[in-house]
There are 2 protein chains.
Amino acid sequence: MVKTNTFQKILDGATLLFAQHGYDGAIMDDLAEQCGVNKASIYYHHKDKATLYENVLTALFIPIADAVVAAVELETDPVKKLDTHIKTFSKTSAENPCFASILMREMASGGVNMPARAREQMQRILFLLNQTLQLGQAQHIFQSANPLIIHFMIVGTINLFVSSTPFRQSLPITGQCDQLQNSNIESAAEQISKTIINSLLLK
Amino acid sequence: MVKTNTFQKILDGATLLFAQHGYDGAIMDDLAEQCGVNKASIYYHHKDKATLYENVLTALFIPIADAVVAAVELETDPVKKLDTHIKTFSKTSAENPCFASILMREMASGGVNMPARAREQMQRILFLLNQTLQLGQAQHIFQSANPLIIHFMIVGTINLFVSSTPFRQSLPITGQCDQLQNSNIESAAEQISKTIINSLLLK
DNA sequence: CAATAATGTAACTAACTAGTTAAATTAACT
DNA sequence: AGTTAATTTAACTAGTTAGTTACATTATTG
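In this report, we go over the structure that sits alongside the text. (Residues numbered from 1 in each chain as written. Chains lettered and ligands numbered in written order. Predicted model: local features only at pLDDT ≥ 70, side-chain atom pairs only at ≥ 80, totals over all residues. Heavy atoms only, no water.)

## Examining the overall build of chain A
The condition is simple: Note on conventions: DSSP H or I runs of at least 4 residues are helices, E runs of at least 2 residues are strands, and numbering of each starts at the N terminus. Burial classes: relative accessible area under 20% of the type maximum marks a residue as buried, over 50% as exposed, and values in between as partly exposed (1.4 Å probe, protein chains only). Contact definition: two residues touch when any of their heavy atoms are within 4.5 Å. Throughout, the Shrake-Rupley method with a 1.4 Å probe supplies accessible areas, and for residues the shown protein chains are the sole cover considered. The charge count includes Lys and Arg as positive and Asp and Glu as negative, but it does not include His or the ends of the chains. To locate a charge, take atom NZ for lysine, CZ for arginine, CG for aspartate or CD for glutamate.
Along the backbone of chain A there are ten helices and zero strands. If one aligns the C-alpha atoms of chain A with their principal axes, the spans along those axes are about 60 × 45 × 30 Å. Buried positions account for 54% of the 203 residues belonging to chain A. Contacts in chain A between residues at least 24 apart in sequence constitute 71% of all its contacts with a sequence separation of at least 6. Taken as a whole, chain A presents about 8900 Å² of accessible surface, with 53% of it coming from carbon and sulfur. Across chain A, the centroid of the 16 positively charged side chains sits 2 Å from that of the 18 negatively charged ones.

Right, dumping it as structure tokens:
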């Protein structure tokens with residue numbers, strides 16, 4: 001089943017609109033105009049608003065979870081696995097900022113309305129982290145820690161970083177703090193990775 | 001000017017509704033019903049939906065920033081200041097989970113539509129952190145680090161933790177991972193504080 | 001107590017919004 | 001070319017939603 005040009009155009013426009021305004025704030029008439037298609041075309045390609053939202057989330061979450069799992073599985077050392085986990089998640093999130101916005105909104109609702117296929121992708125990432133941490137513990141490299149909190153540290157920090165780009169640029173911080181200048185995602189990921197790994201390593 | 005019972009009842013109901021459904025998802029008729037007041041009473045006490053939202057955010061953000069600033073200023077040691085910063089923020093957030101939900105939604109939009117008074121409160125918290133970090137560096141206790149990323153680590157992790165209570169309870173994690181059991185806010189705050197302080201301390 | 005101010009309410013309105021319909025256009029195939 | 005299937009469109013509909021109005025009730029005060 002080849003997806004048409006219009007199908008994808010609507011999906012891309014909807015991704016942006018849902019990220020910017022949330023489910024309730026995204027207006028189907030605006031979407032039609034933004035994509036340059038007639039509103040009825042949206043309903044021709046996507047059953048209804050709820051289904052369109054599911055389609056958006058599925059298309060957004062699966063590649064990110066895939067990338068993280070694939071990259072981590074290439075490594076064998078727990079420290080390297082964890083570093084790769086954090087950096088791959090950061091990189092793929094930054095490549096598509098809509099992911100961070102949509103995930104944050106969903107988590108703000110307690111994740112209750114999140115479509116099952118999207119939730120499954122987040123669980124894949126959490127399970128992968130859990131495996132890595134247990135491997136590290138088994139090899140007496142890592143001390144015991146709550147994987148869910150580590151997961152939240154990674155996801156929470158990166159989401160906030162990625163989605164706050166406009167906010168960051170409006171911050172009236174004086175030149176006295178030059179650390180704030182290099183606010184690119186790679187250095188953020190590096191700092192998060194170092195921080196987490198450092199706290200996990202057995203002394 | 002003494003705020004009436006009804007004014008506060010509407011404010012409380014609106015806080016919950018905005019936290020659960022976001023600005024666009026919160027329906028004024030639902031709010032009236034939930035509070036047991038007539039819809040026109042809402043508009044008698046609060047100019048319109050946007051003003052009500054501002055009132056909610058102001059009432060929610062100011063006490064949290066106040067609490068963090070007050071607690072941190074009681075300490076003199078940078079390490080103790082940072083630990084208090086993280087634990088006070090965690091405690092006050094957990095006491096009012098609506099704060100986390102609303103802040104996450106606002107950050108998902110890039111913080112662009114956040115009312116000025118609410119944004120100022122987040123800046124107070126960030127500036128306070130910046131001061132603590134600089135004090136620690138001046139005393140040769142902390143190494144240099146990006147305060148914004150530390151801020152995001154604290155806020156992102158705690159927000160996610162607080163607002164994910166329903167999500168956490170739905171996680172089908174097997175008993176093999178008993179770390180997940182003690183998912184209370186105090187132990188989360190403890191782990192975050194240790195992690196961050198540990199990574200900042202000069203070796 | 002009477003008058004006035006403050007608060008509460010049912011019913012209404014105008015604009016908006018998700019989704020539909022039936023007809024038109026374009027592409028695919030024989 | 002001619003027929004059928006896929007796609008697009010303008011116009012429409014029914015339900016929803018923020019905000020209003022004119023009136024009723026309750027406090028307050030001189």
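Picking up where we left off.
## Concerning the packing of aromatic side chains
Residues and elements named next belong to chain A. This is how the line gets drawn: Only rings of Phe, Tyr and Trp enter the pairing, Trp through its six-membered ring, and a pair is recorded when the two centres are within 6.5 Å. The plane angle decides the type: under 30 degrees is stacked, over 60 is edge-to-face, the rest tilted.
Using the criterion set out here, one finds twelve aromatic pairs over all chains in the structure. Consider the rings of F89 and F99, whose centres lie 5.9 Å apart with planes at 75°: the pair is edge-to-face. On the criterion of sequence distance, the pair formed by F89 in helix α5 (residues 78-95) and F99 in helix α6 (residues 97-108) is long-range, its members being ten residues apart. Judged by its relative accessible area of 1%, F99 is buried.

## Section: the protein's contact with DNA strand C
How we decide: We call a residue near a molecule or strand when any one of its heavy atoms sits within 4 Å of it. Throughout this description, a polar contact denotes any pair of N or O atoms lying within 3.5 Å of each other; where both atoms belong to protein, one of them has to be capable of donating a hydrogen while the other can accept it, and for residues adjacent in sequence the pair is counted only when both atoms sit in side chains. Gly is placed with the polar residues, together with every amino acid not listed as nonpolar (Ala, Val, Leu, Ile, Met, Phe, Trp, Tyr, Cys and Pro) or charged (Asp, Glu, Lys and Arg).
Close to DNA strand C lie 16 residues, the nearest being K39 of chain A together with T6, N38, Y44 and H45 of chain B. In DNA strand C, the atoms that sit within 4 Å of the protein are 56% sugar and phosphate, with bases accounting for the remainder. Y43 of chain A is positioned such that a nitrogen or oxygen atom in its side chain is 3.3 Å from a phosphate oxygen of DNA strand C. In the environment of DNA strand C, a phosphate oxygen lies 2.8 Å from a nitrogen or oxygen atom belonging to the side chain of H45 of chain B. At the level of secondary structure, the elements contributing two or more residues to the surface near DNA strand C comprise α2 (28-35) and α3 (39-45) of chain A together with α3 (39-45) of chain B. In terms of residue count, the dominant contributor to the surface near DNA strand C is α3 of chain B (four residues). Along the lines of polarity and charge, the residues of the surface near DNA strand C split into seven nonpolar, five polar and four charged.

## Brief notes about the interface of chain B and chain A
Quick reminder of the rule: As a working definition, buried area equals the accessible area (1.4 Å probe) given up by two parts on being put together, with both sides summed. Salt bridge, as applied in this entry: a Lys or Arg side-chain nitrogen positioned within 4 Å of an Asp or Glu carboxyl oxygen.
Counting residues at the interface gives 57 residues for chain B, matched by 58 residues for chain A. Summed over both sides, the interface between chain B and chain A buries roughly 4900 Å², with carbon and sulfur atoms accounting for 67% of that surface. Where chain B packs against chain A, one counts zero salt bridges. At the boundary of chain B and chain A, one finds six residue pairs in polar contact (both at pLDDT 80 or more). Residue assignment for the side of chain B that touches chain A shows that the elements contributing at least two residues are α1 (5-25), α6 (97-108), α7 (116-138), α8 (147-163), α9 (165-169) and α10 (185-200) of chain B. In terms of residue count, the dominant contributor to the side of chain B that touches chain A is α8 of chain B (twelve residues). In terms of residue class, the side of chain B that touches chain A is built from 28 nonpolar, 24 polar and five charged.

## Overview of the layout of surface pockets
Worth spelling out the cut-off: With a 1 Å grid laid over protein atoms only, a set of points is called a cavity when a 1.4 Å probe fits there but cannot get out and a pocket when it is open yet has protein on both sides within 12 Å along at least five of seven lines; lining residues have an atom within 4 Å of a point. Grid points are joined across faces, edges and corners, and a volume is the space filled by probe spheres set on the points.
Here the largest pocket defines a volume of roughly 570 Å³. H21, G22 and R105 of chain A together with H21 and G22 of chain B are, among the 24 residues lining the largest pocket, the residues nearest its centre. Of all the secondary-structure elements, those providing two or more residues to the lining of the largest pocket are α1 (5-25) and α6 of chain A together with α1 and α6 of chain B. The leading source of residues in the lining of the largest pocket is α1 of chain A, at seven residues.

## Side note on the protein's contact with DNA strand D
Surveying the vicinity of DNA strand D reveals 17 residues, the closest of which are T6, Y44 and H45 of chain A together with M28 and K39 of chain B. Counting only atoms of DNA strand D within 4 Å of the protein, the fraction found in sugar and phosphate groups is 54%. One of the side-chain N or O atoms of Y44 of chain A is found 2.8 Å from a phosphate oxygen in DNA strand D. Contributing elements (two or more residues each) for the surface near DNA strand D: α3 of chain A together with α2 (28-35) and α3 of chain B. Across the surface near DNA strand D, the residue classes break down as eight nonpolar, five polar and four charged.

## Details of the nonpolar core
Counted only if it meets this: As used in this record, nonpolar core signifies buried Ala, Val, Leu, Ile, Met, Phe, Trp, Tyr and Cys residues forming a set joined through side-chain atoms within 4.5 Å.
Membership of the largest hydrophobic core comes to 126 residues, with the highest contact counts inside it found for L52 and F61 of chain A together with L52 and F61 of chain B. What L52 of chain A contacts, discounting residues up to four positions off in sequence, is I10, L11, A14, F18, M28, L31, I42 and H46 of chain A.

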